[in-house]
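Structural description and commentary
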Amino acid sequence: MFIYLSKKIAIPNNIHLKCVSWNKDQGCIACGGDDGLLKVLKLETQSDDVRFKGLAAPSNLSMNQTLEGHRGAVQVVTWNEQYEKLTTSDQNGLIIVWMLYKGAWYEEMINNRNKSVVRSMSWNADGQKICIVYEDGAVIVGSVDGNRIWGKELKGSQLAHVAWSPDSKILLFGMASGEVHIYDNQGNFIMKMAIGCLVAAGSVSIAGIQWYAGTRGYVRPDCPCLAICFNNGRCQIMRYENDDNPVCIDTLMNVVSIQWNHCGSVLAVAGFLRASTKDKEFNVVQFYTPFGEHLRTLKVPGKQMSGVAWEGGGLRIALAVDSYIYFANIRPDYKWGYCCSTVVYAYTKPERQEYCVVFWETKNNEKFVKYVKSLLSVTTSGDFCILASKADETQLQEDAGLETGSSARYVLILCNSIGTPLDSKYIDIEPLFVTMTKTHVIAASKEAFYLWQYRVAKKLTAMGINQVARTKKGGKENVYHIDIHPSGTGDAISDFSKAFTGRESGSIHRYSLPTVALLQKYTSSNRAYYLSLNCNSSRLAIIDIAGVMTLLDLDVSAASDSGTNRGSADSSKFERKDVWDMKWANDNPDLFAMMEKTRMYVFRNLDPEEPIQTSGYICNFEDLEIKSVLLDEIMKSPEKPNKDNLINFEIRSLRDSRALIENVGIEDASQFIEDNPHPRLWRLLAEAALQKLDLKTAEQAFVHCRDNQGIEFVKRLGNLHSEPMKKAEVAAYFGRFEEADSMYLEMDRSDLAINLRIKLGDWFKVMQLLKSGSGACDDALLQQAYNAIGDYFADRQKWVNAVQYYQQGLNQERLAECYYMLEDYPGLERLATELPENHRLLSDIGEMYATVGMCELAVNAYLTCNQTRAAIDTCVHLNQWNKAVELARTHNMKEIKSLLSKYASHLLEKNKILEAVELYRKAHHFLDAAKLMFKIAEDEAKRKSNPLRVKKLYVLAAQLVENYQEQVKTSQQSKTKGSKSEVSSALAGLLEVDACSSETGIVDSAWRGAEAYHFFLLAQRQLYAGLMENAMRTALHLREYEDIIPAVEIYSLLAVCAASSRAFGTCSRAFIKLESLEGQSPEQQQLYKDLALEIFTKHAPKDSRMVEADLSDSSEDRLPTCIVTGLPIQEYQFWMCGVCKHCALEQEISKYNTCPLCHTVL
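Computed from a predicted model, the values in this text were never measured in an experiment.

Let's shift gears to the overall build of the protein chain. When you go through the protein chain residue by residue, the secondary structure sums to 32 helices and 57 strands. Taking all 1162 residues of the protein chain together, 50% fall into the buried category. Of the roughly 58300 Å² of accessible surface on the protein chain, 47% is carried by carbon and sulfur atoms.

Okay, here's the thing in structure tokens:
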């Protein structure tokens, strides 16, 4: 950063100031002094010129109001920015709160304890509370509306300072004895703060306590933000109130006041310094980073400094000295750079720990954002950018290219102009200073420097970047210590680049690149702050820590050091003060631009041009034009950079040449340019000569600036004989296309106008010219125009407009794409029907249909272009297996069965059995589906799931078997149609069913599982309905299904039903069966015996009536069982289900709408 005094405001009547405070939001400055002086000032910039924005604009006092109300010296002033209030206090203890009303400040509240003096006041971060501390130990915390929240007397303590924590949970009280006490926000004592910066005991007092609230983010995640400074110059900066490792500073001065800037990146320490040889004291302001690094020292005139205050943007600082307010301008060291028309800058956000790095492409006004943690610097050169930052530990562990046990703590990231990382290097030296060329990156710490010869892919492709990444381990990189002089390796080259390092002692070392051999040492009287080499490495610009710029002529200095007495060069006498930025021209070693305060100077051969008033940072100096960026304005709203903040300045020779051409003539201008040659001036002359059709002068000028295209253009103009034609060509050359069009049309050369527009890609104008032209229109060219306009709308995703032009241009491929993007599938279908067979577009249309799941249309499109395999693959992909099998059978493709089995196996491996069943069902492989369904039902039965669910699963399996039987019969009928009788074909179908299922027996017993669980459920429903005998008869029927339902459940149900219907004989036989079942434990068998003994001691084991259902299982003339009642059907007429083929009494089934067993609708 650089700082210089810029303005002074005198207080009337020479009244001495005691304090000053700057409102960071509204920009008002409050200053208090003796005799009750209290003034509110406001500086505003008034300029309509874009270049005069920021510090370069003239500032005037827009407000200068004296506030009356205090009688004693005003000692404390503090702002509440959130509520626009000013709180002041004087030596009598009077506190006044002021409010802004209609542009003026008025008293709002007054308070006076009449006991002691207010030593400090502080508003918390959100402006809701104020803490006031008195000298006698009294503490008052009040709200913004004037109500007291709490008060406390700290007996035996003399208070001097107070500060809130950023979260308003902690209060710090600075005592007159130099101690700092920590309290919570309710006034409860927590602890004393450990002061580590005071090394010797003695009487010291606190000069200031400042705790940055983090409103603009932090420069680093672990950034210290609490500063406590003592009057003896000792200062400590802490991360939090009980930080065990604070940053300690000895400022070597008597401190009066301290203040953080707006973002907590700079701490200003104001006070006075006593000269070592004299007793005279002088005022100084020292500037430090939060980590204790000294940045700058500002000397301030006057006798006694009493206060310091920062402006809201951190660009100015106000100093209260005697009866004056001094203003100093600050040029911050922004983290920024300029590469390839892109401004790269970084800033912090309060909600994020990382730096937000913005890559602002100024030509197209596009913005690319990248977040970097612990960013240290931004460096640019050519088309690339280097981001230096602290290495994240997780990145270090994950980076495969880093060797085990490496001590690398920092990383250099090489990015292109849109922020894409191209390469990175981990280093173990702290990159305090980083510079780069088109081939090398140099990072230096205080003791060593690191050299990296980077490589980048010529084209930004993944293959190119990966190739560079594979070879970067063997890349050229090395670390050199500043006191070890490398001799260089390899052959010497005549045209070598140069590297320079500046040391704190003032010496400057010159090295060759890439050999890194020490060539020369130079001695400077001051410590270098900024070094810059001109384009041919003949002269070095040096800006020292005090802002003094000097030039070092390398050849002359080398000759002088070697003993040759050649006298001093002119550059040795060059010296400029208050310089904070400079840039050499990229194309002229004698041209450079520098910033001196708020003025930009351009030097040619050390002769300055008239200064330009601006406060911009110089981006680039090329072609006699300086590009400057107003970073101060950009940082006010970094999310939305504005092109108005990018300014181009033309140097005097370019302005004079343009004025000569416009006002005097080409000949005089040509003579001036010959005396001051530059390619940009010759190009300017060539353009002016072309305007006047002075082809000879234009050709000479193009030759001087080596513009081959311009030379060819002039020759082409010389071959034209028509003057209007030449003018039209010149108009087109300078981009005045409308004028060129009108000239061509006046000459009746619409073809030239059309060709011009085709070159420009302006197809709208081409179509307009074609339609408005006389005579026949070129149909091919018109069709090309329609398609080009369709491409224009398609590129912008305006598909509806694109369809109209593609239809007129007969572009079926792009038309299909537009229909697809619009989801206009009827239009796509119409297009497919219009295409001839085997058209190459049909396969693309089929793929479009397949991606949206429209299987039928996709298959039709594939079949039309004879791509049967693609049609089948689409069916498989969309799970339309029945269609896939049908296509495979139609086209005699046998692979479908293997594919089907593979897919089913895949589903079964993932335990997706139901999906496999559905797959087989859709593919009409009903028997395979039935096998899986029976397996599911059996598994559910083993898990003792709900019997109704098990029954439904068996029903589904049986229905799949019925579907299989129907499929076999249908296929057999189609095979034997016309050759056999209907009876013989049915018989053949049955034989095929038997042949296919002979091993499994699934077809014969398809409904057994459903029957078993149907009667199992029916018996229990009858039992609960009180139909005891019917329940028993149904339970007797269950004895046939011991292979499906566990026997213990069957006979337990039978025993219950028989006992309920008083058929104890049947009940006894059920108990006998239960006691004889295998696999039961002795305890279970004993329970059955005990229960049987209890029942049959009371009831004889005889049935009360004959049990008709107790028939032999092997009886061949068994009667069918009614599935409604569970009773045998003895009538000749009964109802039979058409699906499951089970029977029921007609009077019973009439009560149902569906079959009780298979649930088929009646």
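That was the structure; now back to the text.
Below, the discussion takes up the pattern of salt bridges. This model, assessed by the stated rule, comprises 38 salt bridges. The partner of Glu-738 in a salt bridge is Arg-757, with the nearest N and O atoms 3.3 Å apart. Taken together, the positions of Glu-738 in helix H11 (residues 737-746) and Arg-757 in helix H12 (residues 750-760) put the pair 19 residues apart, joining distant regions of the chain. Overall, the relative accessible area of 5% leaves Arg-757 in the buried class. Between Arg-840 and Glu-813 there is a salt bridge whose closest N-O contact spans 2.9 Å.

On to the pairing of strand E37 (residues 433-436). Note on strand geometry: in a regular strand, side chains alternate between the two faces of the sheet. By the alternation rule, side chains of E37 split into Val-434 and Met-436, which are all buried, and Phe-433 and Thr-435, of which none is buried. Sheet analysis places E37 next to strand E38 (residues 440-444), joined by four bridges and oriented antiparallel. Note that in E38 the partner of Met-436 across the bridge is Val-441.

For the rest of this paragraph, the subject is the pairing of strand E2 (residues 17-22). Here E2 lies mainly inside the structure; five of its six residues are buried. Strand direction decides the pairing type here: E2 and strand E3 (residues 28-33), joined by five bridges, are antiparallel. When the sheet's bridge partners are listed, Leu-17 is paired in E3 with Gly-33. Where E2 folds back on E3, the antiparallel hairpin that results is connected by five residues, among which Gly-27 adopts a positive phi of roughly 85°.

This part is about the sheet that holds strand E12 (residues 138-143). As summarised here, the arrangement of the four strands in space is E10-E11-E12-E13, forming an open sheet in which the pairing is antiparallel. Lying at the two open borders of the sheet, with one neighbouring strand each, are strand E10 (118-123) and strand E13 (148-153). Strand-to-strand twist in this sheet, taken as the mean axis angle between neighbours without regard to direction, amounts to 10°. Sheet topology note: the E12/E13 ladder contains five bridges and is antiparallel. What sits directly across from Gly-142, in E13, is Arg-148.

This paragraph deals with the packing of helix H5 (residues 652-663) against helix H6 (residues 666-675). Closest axis-to-axis distance for the H5/H6 pair is 8 Å, and the angle between their directions is 160°. Compared by their axis directions, H5 and H6 come out roughly antiparallel. Crossing geometry of H5 relative to H6 is assigned as left-handed. Along the contact surface, H5 presents Ser-653, Asp-656, Ser-657, Leu-660 and Ile-661, while H6 presents Ala-669, Phe-672 and Ile-673. Taken together, the residues of the contact of H5 with H6 sort by class into five nonpolar, two polar and one charged.

For the rest of this paragraph, the subject is the sheet that holds E38. Strand order in the open sheet formed by four strands is E37-E38-E39-E40, and the pairing between neighbours is antiparallel. With one partner strand each, in any of the chains shown, E37 and strand E40 (476-481) form the two edges of the open sheet. Across this sheet, the average inter-strand angle for adjacent strands is 15°, counted without regard to direction.

As a further point, take the side chain of Gln-259. Here Gln-259 is to be found in strand E22 (residues 254-260). Taking relative accessible area as the criterion, Gln-259 reaches 17% and is therefore assigned buried. Those residues in contact with Gln-259, other than ones at most four positions away along the chain, are Lys-24, Gln-210, Val-266, Leu-267, Ala-268, Val-308, Ala-309 and Trp-310.

Two elements in contact, helix H13 (residues 763-772) and helix H14 (residues 779-795), have axes separated by 9 Å at closest approach and are oriented at 150°. What the angle tells us is that H13 and H14 run roughly antiparallel. Judged by the sense of rotation from one axis to the other, the crossing of H13 with H14 is left-handed. Side by side, H13 and H14 meet where Trp-763, Phe-764, Val-766, Met-767, Leu-770 and Lys-771 of the first sit next to Leu-781, Leu-782, Gln-784, Ala-785, Tyr-786, Ala-788, Ile-789, Tyr-792 and Phe-793 of the second. Grouping the amino acids of the contact of H13 with H14 by side-chain chemistry returns 13 nonpolar, one polar and one charged.

Right, let's get into the confidence of the model for the protein chain. The pLDDT averaged across the protein chain works out to 84; a share of 88% of its residues lies at or above 70. Confidence over residues 487-497 falls short of pLDDT 50; this stretch has 14 contacts with residues more than four positions distant or in other chains. Taken as a whole, residues 1108-1116 scores under 50 in pLDDT and shows nine contacts with residues more than four places along the chain or in a different chain.

Once that is clear, we can look at the packing of aromatic side chains. By the definition in use, this model includes 34 aromatic pairs. Aromatic pair Tyr-786 and Tyr-805: ring centres 6.3 Å apart, planes at 40°, arrangement tilted. With Tyr-786 in helix H14 and Tyr-805 in helix H15 (residues 799-808), this pair connects stretches of sequence that are 19 residues apart. Like Tyr-805, Tyr-786 is buried. Each ring, one from Phe-793 and one from Tyr-805, has its centre 5.7 Å from the other, and the planes form 20°; the classification is stacked. Separated by twelve residues along the polypeptide, Phe-793 in helix H14 and Tyr-805 in helix H15 bring together distant segments of the chain. Residue Tyr-805 is classed as buried on the basis of its relative accessible area of 17%. Put simply, the rings of Phe-574, Trp-584, Phe-592, Tyr-601 and Phe-603 touch in pairs and so form one group of aromatic residues. Cation over ring: Lys-299 sits above Phe-282, and NZ or CZ is 5.3 Å from the ring centre. Just above the ring of Trp-580 sits the side chain of Arg-331; from NZ or CZ to the centre is 4.5 Å.

For the rest of this paragraph, the subject is unusual backbone geometry. Even without being a glycine, Ser-374 presents a positive backbone phi close to 55°. Secondary-structure assignment places Ser-374 in the loop between strand E32 (366-372) and strand E33 (375-381). The buried category is assigned to Ser-374, whose relative accessible area is 11%. For Leu-606, which is not glycine, the phi torsion reads 70° and is therefore positive. Inspection of the secondary structure assignment puts Leu-606 in the loop between strand E50 (599-604) and strand E51 (607-608). For Leu-606, a relative accessible area of 18% puts it in the buried group.

What follows concerns the environment of Ala-1031. On the secondary structure map, Ala-1031 appears in helix H28 (residues 1028-1037). Between the alpha carbons of Ala-1031 and Ser-1061 there is a distance of 8.6 Å; along the sequence they are 30 residues apart. With residues up to four places along the chain from it excluded, the contact list for Ala-1031 reads Ala-1019, Gln-1022, Leu-1023 and Cys-1057.

Our focus in this paragraph is a nonpolar patch on the surface. A cluster of nonpolar side chains, Phe-189, Ile-190 and Met-191, forms an exposed patch at the surface whose accessible area comes to about 270 Å². Tracing the backbone shows Phe-189 in strand E17 (residues 189-192). A relative accessible area of 45% means that Phe-189 is categorised as partly exposed.

Looking at where Ala-884 falls in the secondary structure, it is placed in helix H21 (residues 881-890). Note: C-alpha distance between Ala-884 and Arg-869 (15 residues apart in sequence) is 9.8 Å.

What counts and what doesn't
Residues numbered from 1 in each chain as written. Predicted model: local features only at pLDDT ≥ 70, side-chain atom pairs only at ≥ 80, totals over all residues. Heavy atoms only, no water. Helix = DSSP H or I, 4+ residues; strand = E, 2+ residues; numbered from the N terminus. Buried < 20%, exposed > 50% of the residue type's maximum accessible area, 1.4 Å probe, protein only. Areas by Shrake-Rupley, 256 points an atom, 1.4 Å probe, with all protein chains shown as cover. Salt bridge = Lys/Arg side-chain N within 4 Å of Asp/Glu carboxyl O. Pairing = 2+ DSSP bridges. Axes fitted to C-alpha atoms, helices over the stretch in contact; angles between N-to-C directions. Parallel < 35°, antiparallel > 145°, perpendicular 65-115°, else oblique. Left-handed = near helix turned anticlockwise from the far one by under 90°. Contact = heavy atoms within 4.5 Å. Nonpolar A, V, L, I, M, F, W, Y, C, P; charged D, E, K, R; others polar. pLDDT = per-residue confidence, 0-100. Phe/Tyr/Trp six-rings, centres within 6.5 Å; stacked < 30°, edge-to-face > 60°. Lys NZ or Arg CZ within 6 Å of the ring centre and 35° of its normal. Patch = residues over 30% accessible without salt bridge, like charges linked within 9 Å, V, L, I, M, F, W, Y side chains within 5 Å.

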